[in-house]
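Fold and contact review
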Amino acid sequence: MNSANAAHRLELNKLPWVVRCSQLANSAMLNEVNLTPKPGLVDMRNNGAHKDMDLTDFYRSAEAIRIWIPYFIEYGMSTHLQPSSDILYGLRPLGMACEASMYKATSGVNTHKGTIFSLGLLATAMGRLVSNQKAVTQQNLCHEVAAMSHGMVMRELEQNNQALTAGQRLYQQHGLSGARGEAESGFQSVLTTSLPVYQSLIAQGIDPQRALLQALLSLMAVNGDTNVASRGGPEGLRWLQQTAQQFLAEGGVMQTDYITKLKEFDRQCIERNLSPGGSADLLIVTWFLAQFPESHSKNIN
Ligand SMILES: CC(C)(COP(=O)(O)OP(=O)(O)OC[C@H]1O[C@@H](n2cnc3c(N)ncnc32)[C@H](O[C@H]2O[C@H](COP(=O)(O)OP(=O)(O)OP(=O)(O)O)[C@@H](O)[C@H]2O)[C@@H]1O)[C@@H](O)C(=O)NCCC(=O)NCCS
Ligand SMILES: Nc1ncnc2[nH]cnc12
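An account of the accompanying structure is given in this report.

Cut-offs used in this document
Residues numbered from 1 in each chain as written. Chains lettered and ligands numbered in written order. Predicted model: local features only at pLDDT ≥ 70, side-chain atom pairs only at ≥ 80, totals over all residues. Heavy atoms only, no water. Helix = DSSP H or I, 4+ residues; strand = E, 2+ residues; numbered from the N terminus. Buried < 20%, exposed > 50% of the residue type's maximum accessible area, 1.4 Å probe, protein only. Near = heavy atom within 4 Å. Polar contact = N/O pair within 3.5 Å; in protein donor to acceptor, adjacent residues only side chain to side chain. Areas by Shrake-Rupley, 256 points an atom, 1.4 Å probe, with all protein chains shown as cover. Nonpolar A, V, L, I, M, F, W, Y, C, P; charged D, E, K, R; others polar. Expected span 1.5 Å × (residues − 1). Disulfide = S-S within 2.5 Å. Contact = heavy atoms within 4.5 Å. Axes fitted to C-alpha atoms, helices over the stretch in contact; angles between N-to-C directions. Parallel < 35°, antiparallel > 145°, perpendicular 65-115°, else oblique. Left-handed = near helix turned anticlockwise from the far one by under 90°.

A closer look at the environment of leucine 15
Along the chain, leucine 15 falls in the loop between α1 (3-12) and α2 (16-34). On the accessibility criterion, leucine 15 (32% relative accessible area) is partly exposed. A C-alpha to C-alpha distance of 9.8 Å links leucine 15 and proline 70, two positions 55 residues apart in sequence.

Okay, structure coming up:
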């Protein structure tokens, strides 16, 4: 990075809305991992179905990723005149560099690979919206992410015959488009399921932790989570979705014994070695988007 670039980036880091976006991304990751009890996932009670990572790894990973958010924003700003479909190619190296920082912070453990992908796209989208004088709203952020990700599933999954990663293998075997499919849809699972659930419960005065747990279970009930499928196959994914659906049908977090039921769900996920890491990533996206106006024109910057 040349000195002019570095100086520019230092200036960018002082913009209040850039600082706020980085802080919100960090808070989203911390709120997710601290939420307890989550079935199969790392939380403050246990490491879920993970033998290779714990709470501290997620704290270190969240801090490593926070530092990269201004760079994603700056990339979105510096390319705002380019068509959305041209952005991903130049964004990939930034995402890979951020992944490298994550792996360095966690001594090689994959804590937030999917989160880097989602938050990287959202931060880039924010940079583009601000530079194009568009309102930073939930709808505009997700629309911009969908535009930048357009054709990704076809290019990287449908037309790809090398199953290099879990995501690519699971698409070929079971048609699961994973994080790519979510991004290309503009995070539809979040916009149509978890975000309305979360915002509605908050508006009713429900405790934010309880509202976030309901949002997580609503994601687990519908999400084609490649993490679950890579560990337990389509049968494991179906079991997890059906168990989440049953919890919700019985009243979800409005049940007096919802904590006991979630702890039992957690025990069963651990027993089956199932971890809904993809739904955890979408919960991070849910909390992050909830900090922005839905669709009216109020700006944050
Ligand atoms: C484009 C990439 C996402 C490609 O990655 P991949 O080909 O692997 O694609 P996916 O498997 O589809 O997704 C990768 C991670 O995304 C999360 N995820 C899975 N399903 C969904 C979903 N439906 N919606 C959203 N997100 C989803 C998931 O990440 C989480 O789980 C991981 C932890 O669980 P674990 O089981 O431990 O994972 P492993 O260690 O791999 O397994 P074990 O060995 O332990 O059994 C953790 O990553 C969570 O975040 C999926 O793992 C993207 O990664 C990519 O190409 N990156 C390069 C940079 C880039 O392009 N960036 C662009 C914007 S910055
Ligand atoms: N709390 C968590 N546990 C396991 N994988 C995750 N990916 C994102 N958050 C996670």
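Additional details are given in the paragraphs that follow.
Section: the site of ligand 1
Inspection of the region around ligand 1 gives 34 residues, with Arg92, Asn110, Thr165, Asn227 and Asp281 positioned closest. Note that an oxygen atom of ligand 1 is positioned 3.3 Å from one of the backbone N or O atoms of glycine 167. Alone, ligand 1 offers 1,200 Å² of accessible surface; in the complex the protein occludes 87% of this. Looking at the shell around ligand 1 element by element, the count peaks at six residues for helix α6 (residues 113-131). Among the residues making up the shell around ligand 1, the classes are represented as eight nonpolar, 17 polar and nine charged.

Brief notes about α6
Counted at 1.5 Å a residue, the expected span for α6 with its 19 residues is 27 Å, and the 27 Å between its end C-alpha atoms agrees. Burial within α6 is extensive, with 17 of its 19 residues counted as buried. At the C-terminal side of α6, glutamine 133 shows a positive phi close to 55 degrees.

Some words on the state of the cysteines
Across all of its chains, the model carries zero disulfides by this definition. Here cysteine 142 is not cross-linked by a disulfide; its sulfur's nearest cysteine counterpart is in cysteine 21, at 13 Å. On the accessibility criterion, cysteine 142 (2% relative accessible area) is buried.

Some remarks on unusual backbone geometry
With an omega dihedral of 0 degrees, the bond running from threonine 36 to proline 37 counts as a cis peptide bond. Mapped onto the elements of the fold, proline 37 is located in the loop between α2 and α3 (55-66). Positive phi, close to 55 degrees, is recorded for serine 107, a residue that is not glycine. Positive phi is not limited to glycine here, since phenylalanine 187 has a value of about 55 degrees.

Here's the deal with the site of ligand 2
In the neighbourhood of ligand 2, the contacting residues comprise Glu32, Val33, Lys38, Leu41, Val42, His50, Met53, Phe58, Thr111, Gly277, Ala280 and Asp281. Residue threonine 111 places a main-chain N or O atom 3.5 Å away from a nitrogen atom belonging to ligand 2. For ligand 2, the accessible surface in isolation is 270 Å², of which the surrounding protein chains cover 97%. Of all the secondary structure elements, the ones that give two or more residues to the shell around ligand 2 are α2 and α15 (277-290). Here the element with the most residues in the shell around ligand 2 is α15; it accounts for three residues. Taken together, the residues of the shell around ligand 2 break down into six nonpolar, three polar and three charged.

So, the side chain of asparagine 160
With respect to the helices and strands, asparagine 160 occurs in the loop between α8 (152-158) and α9 (166-174). Using a relative accessible area of 14% as the deciding quantity, one classes asparagine 160 as buried. Excluding its chain neighbours within four sequence positions, the residues that come into contact with asparagine 160 are Arg155, Gln168 and Gln172.

A look at the packing of helix α4 (residues 69-78) against α6
Interaxial distance between α4 and α6 falls to 7 Å at its minimum, and their mutual angle equals 45 degrees. It follows that α4 is oblique to α6 by the angle criterion. When you trace α4 past α6, the crossing you get is right-handed. Here Ile69, Phe72, Ile73, Tyr75, Gly76 and Met77 of α4 come into contact with α6, specifically with Leu119, Gly120, Ala123, Thr124, Gly127, Arg128 and Ser131. A breakdown of the residues in the contact of α4 with α6 according to their chemical character gives seven nonpolar, five polar and one charged.

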